[in-house]
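Structural overview for review
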Amino acid sequence: MLRSKIAGIGRYVPEKTVTNQDLEKVMDTTDAWVQERTGIKERHYAHKYEETATTMGARAAAIAIERAGIQKEDVDFIIFATLSPDYYFPGCGVLLQRELGITSTEIAALDIRNQCSGFVYGLSVADQFIKTGMYKNILLVGAEIHSMGLDFSTEGRNVTVIFGDGAGAVVLQPTEEEGRGVLTTKLHSDGTYAEKLALINPGAHAGYHYRKLGEEVDLGYPETEYGETFITQKMLDDKLFYPYMDGPFVFKMAVQKFPEVIMEALHAVGLAPSDINMLVPHQANLRISEFVAKKLGLGPDQVWSNIQKYGNTTAASIPIALCEAVEAGAVKPGDLVCLAAFGSGFTWGSALIRW
Ligand code: COA
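Attention in this report is confined to the structure presented alongside it. Predicted model, so just to flag it, every value in this text is computed and none were measured.

**Focus: the nonpolar core**
- Membership of the largest hydrophobic core comes to 41 residues, with the highest contact counts inside it found for I262, I276, L279 and F342.
- Of all elements in the fold, only helix 9 (247-268), helix 10 (286-296), strand 12 (336-343) and strand 13 (347-354) reach the threshold of two or more residues within this core.
- With nine residues, the single largest contributor to this core is helix 9.
- Residue assignment places this core across two domains, with domain 1 (3-175) and domain 2 (181-193 + 245-354) each supplying three or more.
- Apart from residues lying up to four places away in sequence, F342 is in contact with C116, V250, M253, A254, K257, F258, H282, T347 and W348.
- Within the second largest apolar cluster, 34 residues are counted, among which are V120, L123, L140 and C323.

Structure, rendered in structure tokens:
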């Protein structure tokens with residue numbers, strides 16, 4: 001049976017480290033608050049004028065390609081997951097193709113906008129294409145540059161302290177090796193709570209969505225016949241272009257959905273939590289990961305956590321964490337690796353991989 005295997009993995013985090021103490025200097029927060037609520041000690045920020053999701057993604061991709069033992073020209077499909085793209089359009093997939101210097105037009109590029117679960121969604125999409133035999137070297141990238149668009153005033157502190165920049169990438173190839181590769185993936189979505197964790201502006205008639213939710217929010221649309229709704233002066237004046245998060249609500253949903261979707265994947269292949277050698281959860285919050293581990297009866301050596309160093313890097317968090325775990329020798333051939341994510345949308349998902 002044809003399965004997808006991760007043939008190469010790479011990661012890149014920008015050089016600049018920003019500690020909680022650094023953030024204390026620009027907003028009303030404390031290292032103790034951030035560590036106690038999230039586990040985060042520091043995060044990395046991209047170079048302000050020289051790095052983007054695409055450039056960071058390319059750094060991680062180059063490592064994954066080399067470790068897979070292929071040339072960049074062998075890549076036949078690019079999947080790029082990010083919520084912080086270089087441009088509104090086109091997406092980062094084609095920009096990455098150009099950044100890597102892949103000039104062949106036989107390749108295809110796809111962008112995924114599933115925020116924290118973007119990598120798991122991308123893995124599932126790649127897995128389907130590999131299983132049907134359509135592609136043989138899929139480059140899947142998750143990359144984020146949050147630092148360019150967060151509110152660094154006290155008003156934005158509940159969101160800003162959590163997020164960091166970085167990128168991770170894998171090359172997926174077909175394998176017929178017995179028992180190896182992606183065993184299953186499970187995906188879910190529920191748009192009911194789309195605005196609980198969202199960046200709504202600039203956007204197309206965000207006012208319509210607010211009214212549907214029963215809220216009257218004045219976005220300052222001018223009385224012109226055409227256009228002028230995407231960005232308004234009021235959106236800029238009132239700083240309506242920052243991400244919004246109802247933290248406690250997201251937390252409650254996350255601790256419910258993570259265990260559910262992990263159990264769903266395990267049931268699908270007849271395995272139990274005790275069979276998991278390494279759970280690599282999306283690094284949303286250390287408290288969420290600890291809760292999930294406890295619920296599934298997993299010990300600390302069965303769960304990879306690196307949020308302390310990087311914060312939440314959204315679509316990049318799972319490939320960065322998985323890459324670190326592999327490099328540290330914590331994931332060995334034959335191990336059962338479980339990936340799981342939950343985030344804005346809400347969307348969530350899981351994957352089981354026999355390494
Ligand atoms: N520093 C200091 N105080 C802060 C703060 C910060 N960075 N951010 C918020 N606060 C304050 C709030 O203003 C509030 O003060 P008040 O009680 O005077 O109103 C208080 O801390 C508690 O805020 P609350 O939002 O209820 O805290 P919390 O215990 O829920 O923790 C999160 C906040 C964001 C850490 C937590 O809700 C969380 O992790 N949620 C999930 C987020 C997540 O995973 N997001 C990614 C999705 S994948």
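**Section: a nonpolar patch on the surface**
- On the surface, Y88, F89, F230, I231 and L236 cluster together to form a nonpolar patch covering roughly 580 Å² of accessible area.
- Topologically, Y88 is positioned in the loop between strand 4 (77-81) and helix 4 (92-100).
- The class for Y88 is exposed, based on a relative accessible area of 56%.

**Some thoughts on the environment of D190**
- With respect to the helices and strands, D190 occurs in the loop between strand 8 (181-189) and strand 9 (197-198).
- Classification of D190 by relative accessible area gives partly exposed; the value is 24%.
- Along the backbone, D190 and F346 are 156 residues apart, and their C-alpha atoms lie at a distance of 5.3 Å.

**Considering the site of the ligand**
- Close to the ligand lie 22 residues, the nearest being T29, R37, R157, G247 and N285.
- Within the side chain of W33, an N or O atom sits 3.3 Å from an oxygen atom of the ligand.
- Protein chains bury 72% of the 960 Å² of accessible surface belonging to the ligand in isolation.
- Where the shell around the ligand is concerned, the elements lending two or more residues are helix 2 (31-38), helix 6 (157-160), helix 9 and strand 12.

**Points about the pairing of strand 1 (residues 3-12)**
- The element strand 1 is extensively covered by neighbouring structure, given that eight of its ten residues are classed as buried.
- Of the pairings in the sheet, the one linking strand 1 to strand 7 (residues 166-175) comprises nine bridges and is antiparallel in character. Across the sheet, R3 pairs through a bridge with T175, a residue of strand 7.

**Overview of helix 4**
- Among the residues of helix 4, those classed as buried are C92, G93, L95, L96, Q97 and L100.
- In this structure, the buried side of helix 4 is in contact with helix 3 (53-68), strand 4, strand 5 (108-112) and strand 6 (138-144).
- G101 sits one or two positions beyond helix 4 and adopts a positive phi of about 75°.

Conventions used here
- Residues numbered from 1 in each chain as written.
- Predicted model: local features only at pLDDT ≥ 70, side-chain atom pairs only at ≥ 80, totals over all residues.
- Heavy atoms only, no water.
- Core = buried A, V, L, I, M, F, W, Y, C linked by side-chain atoms within 4.5 Å.
- Buried < 20%, exposed > 50% of the residue type's maximum accessible area, 1.4 Å probe, protein only.
- Helix = DSSP H or I, 4+ residues; strand = E, 2+ residues; numbered from the N terminus.
- Domains from an automatic or database assignment.
- Contact = heavy atoms within 4.5 Å.
- Patch = residues over 30% accessible without salt bridge, like charges linked within 9 Å, V, L, I, M, F, W, Y side chains within 5 Å.
- Areas by Shrake-Rupley, 256 points an atom, 1.4 Å probe, with all protein chains shown as cover.
- Salt bridge = Lys/Arg side-chain N within 4 Å of Asp/Glu carboxyl O.
- Near = heavy atom within 4 Å.
- Polar contact = N/O pair within 3.5 Å; in protein donor to acceptor, adjacent residues only side chain to side chain.
- Pairing = 2+ DSSP bridges.

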